[in-house]
Amino acid sequence: MPPEFPAERKRQVLERVSAFLRERVWPSETVLDAGGQAAQEELARLRGEAKAEGLWALPLPREIGGGGLGLTEYFSLAEQEGSSDHGPAALGSACLLDVRMFQRFGRPAVKELLKPLVAGEISGSYAMTEPGVAGSDPQAARTTAVRTSDGWLLNGRKWFTSGAGSASYVTVLASGSLFVTTDFSVKREIPVLGAAGQFEIALDDVHVPHDHLLGEEGDGLRIAGTRLALGRTLRCLRWLGMAERAFDLMCRRATERQVSGSALADRQLVQQHVFESALAIRSARALTHQAADLVAAAADARIEIGLAKVAAARTLHQVSDSAIQVFGAEGLGPDTPLPMLARIGRAARILDGADEMHVSDTARRLLRTRAD
Ligand SMILES: Cc1cc2nc3c(=O)[nH]c(=O)nc-3n(C[C@H](O)[C@H](O)[C@H](O)COP(=O)(O)OP(=O)(O)OC[C@H]3O[C@@H](n4cnc5c(N)ncnc54)[C@H](O)[C@@H]3O)c2cc1C
């Protein structure tokens, strides 16, 4: 642990992030999930509070306005911050992947985005997945980038582009390269199991100057791989934060609810839900921290990330489902966050690479390791 983040300070920051989520972000989730103007205003209010309390942009570099935490330190907070899908946006760390990607692969024109991004004045989206082709196979993407005298001309469609409705720029995979552009049009919003936040966008004869290419021509999938390693690790930590929240609710309900003269907690079939959920959370957490340690050390973590991604996604899906079961009908209604957590758990098994893709890729890597 570096001297600026000793154990005592780490504990304090963890507690404050945890309290901010519980007391400020969780109560706003219904408004934030609905999207639109009201959600934007609510998010702006939360961001103002996070800034005032010194909790803003903690893992972003100091020289561009962040809190300067290293990856290892941030990983220890990411579960708490991720206990709501809106936590990273409210606390200003949602741009971490873009910031790291632009710092490493962006030219000066793209690096100009860094300070406004960290300040929360602008936001960006990341567009790889396309209608009509398998997102699991990025080589199949059909969006084209054709060279012109001073850059490229982009044409194509992307969908499930998170946050594109309010984004100032989008990073687009086209013809094997990654480009940053502000020139895209939002075609429609795509609700995911009823929740806002995903969009279909079009790129119609979009001119991108050379200095908005990330890395070199043809580097797109390599850069995307670097981004995904950290992105998937963070996603696992956040899913665990949400699973822990569903677990807490389930345990409280099991203890308080009386059925035929005894608490639900006394029923073995309910105890089974509690046991299986704790087993899933603790196993997935151990796998996720193995992956996180390797990612923080910039080591090859592909096997560990594959294992962690599948374990964490399954865990959130399973634990939120168990919690709904223990709550009964109330668990399906609007009075608890369980439907939201179950929705995120369901989507988790598809996004950031469908579970099946991770199972096959990881198994192949494991088999190769053994053969070697
Ligand atoms: C909430 C949400 C947010 C998202 N945000 C973004 C974003 O911001 N930017 C972005 O670019 N994309 C985003 N996506 C898209 C996501 O990355 C893709 O959904 C994912 O990569 C899978 O691609 P696909 O949906 O095209 O499914 P496909 O690739 O068509 O796969 C469909 C199914 O086929 C099976 N399958 C796939 N591969 C294999 C395999 N190797 N072995 C066996 N079975 C397999 C699986 O059952 C899989 O679910 C988001 C998706 C969701 C749901």
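The structure this text deals with has already been given above.
Residues numbered from 1 in each chain as written. Predicted model: local features only at pLDDT ≥ 70, side-chain atom pairs only at ≥ 80, totals over all residues. Heavy atoms only, no water.

S.K.: Explain the sheet that holds strand β2 (residues 144-148) here, please?
M.R.: Hydrogen bonds along the backbone pair up the strands of a sheet, which may run parallel or antiparallel. Within the open sheet, the four strands sit side by side as β2-β3-β7-β6. Their pairing is antiparallel. Each end of this open sheet is capped by a strand with a single partner; those strands are β2 and β6 (185-189). Direction aside, the axes of adjacent strands within the sheet are offset by 15 degrees on average. Bridging between β6 and strand β7 (residues 198-209) involves four bridges; their strand directions are antiparallel. Paired with Glu 189 across the bridge in β7 is Phe 199. (Pairing = 2+ DSSP bridges. Helix = DSSP H or I, 4+ residues; strand = E, 2+ residues; numbered from the N terminus. Axes fitted to C-alpha atoms, helices over the stretch in contact; angles between N-to-C directions.)

S.K.: Can you walk me through the layout of surface pockets in this structure?
M.R.: Rolled over the atoms, a probe as big as a water molecule pinpoints where empty space is left. Within this model, the second largest pocket holds a volume of roughly 740 Å³. Contributing to the lining of the second largest pocket are 27 residues, with Trp 26, Glu 29, Arg 245, Leu 249 and Pro 337 lying nearest its centre. Within the residue set of the lining of the second largest pocket, elements represented by two or more residues are α1 (7-34), α3 (71-81), α8 (220-256) and α11 (338-348). Here the lining of the second largest pocket spans two domains, since at least three of its residues come from each of domain 1 (7-94) and domain 3 (221-371). (1 Å grid on protein atoms, 1.4 Å probe; cavity = no way out; pocket = protein on both sides within 12 Å on 5 of 7 lines; lining within 4 Å. Points joined across faces, edges and corners; volume = space filled by probe spheres on them. Domains from an automatic or database assignment.)

S.K.: Help me understand the sheet that holds strand β8 (residues 213-214), please; the structure alone is not making it clear to me.
M.R.: Within the open sheet, the four strands sit side by side as β1-β4-β5-β8. Their pairing is mixed. Only two strands of the sheet have a single neighbouring strand rather than two, namely β1 (124-127) and β8. Both strand β5 (residues 177-181) and β8 contribute to a ladder of two bridges, which runs antiparallel. In the sheet register, Phe 179 faces β8, and the bridge partner there is Leu 213. The strands that α8 touches are β1, β4 (169-174), β5 and β8; relative to β5, the one it contacts most, it runs at about 75 degrees. (Contact = heavy atoms within 4.5 Å.)

S.K.: Explanation requested: the packing of aromatic side chains in the structure shown.
M.R.: Two aromatic rings are characterised by how far apart their centres lie and by the angle between their planes. If you walk through the whole model with that rule in mind, you get three aromatic pairs. Each ring, one from Trp 159 and one from Phe 160, has its centre 5.3 Å from the other, and the planes form 80 degrees; the classification is edge-to-face. Owing to a relative accessible area of 39%, Phe 160 belongs among the partly exposed residues under this scheme. Seen from the ring of Trp 56, Lys 51 lies directly overhead, with NZ or CZ sitting 4.6 Å from the centre. When the ring centre of Trp 26 is taken as origin, the NZ or CZ atom of Arg 245, which lies over that ring, is 3.9 Å away. (Phe/Tyr/Trp six-rings, centres within 6.5 Å; stacked < 30°, edge-to-face > 60°. Buried < 20%, exposed > 50% of the residue type's maximum accessible area, 1.4 Å probe, protein only. Lys NZ or Arg CZ within 6 Å of the ring centre and 35° of its normal.)

S.K.: Can you walk me through the pairing of β7 in this structure?
M.R.: In the case of a regular strand, side chains alternate between the two sheet surfaces. Pairing geometry for strand β3 (residues 151-162) and β7, over nine bridges, is antiparallel. Considered in β7, the bridge of Gly 156 is made with Leu 203.

S.K.: Explanation requested: the nonpolar core in the structure shown.
M.R.: Counting 81 residues, the largest nonpolar core has Phe 75, Val 99, Met 101, Phe 102, Leu 214, Trp 239 and Leu 338 as the members making the most contacts within it. Broken down by element, this core gets its largest block of residues, 15 residues, from α8. Sequence-distant contacts of Leu 214, defined by excluding residues within four places in its chain, comprise Met 101, Phe 102, Phe 105, Gly 106, Arg 107, Val 110, Thr 171, Leu 178, Val 180, Asp 219 and Ile 223. Grouped together as the second largest cluster of nonpolar side chains are 17 residues, Ala 145, Trp 152, Phe 184 and Ile 201 included. (Core = buried A, V, L, I, M, F, W, Y, C linked by side-chain atoms within 4.5 Å.)

These values are about where atoms sit, not about what they do.
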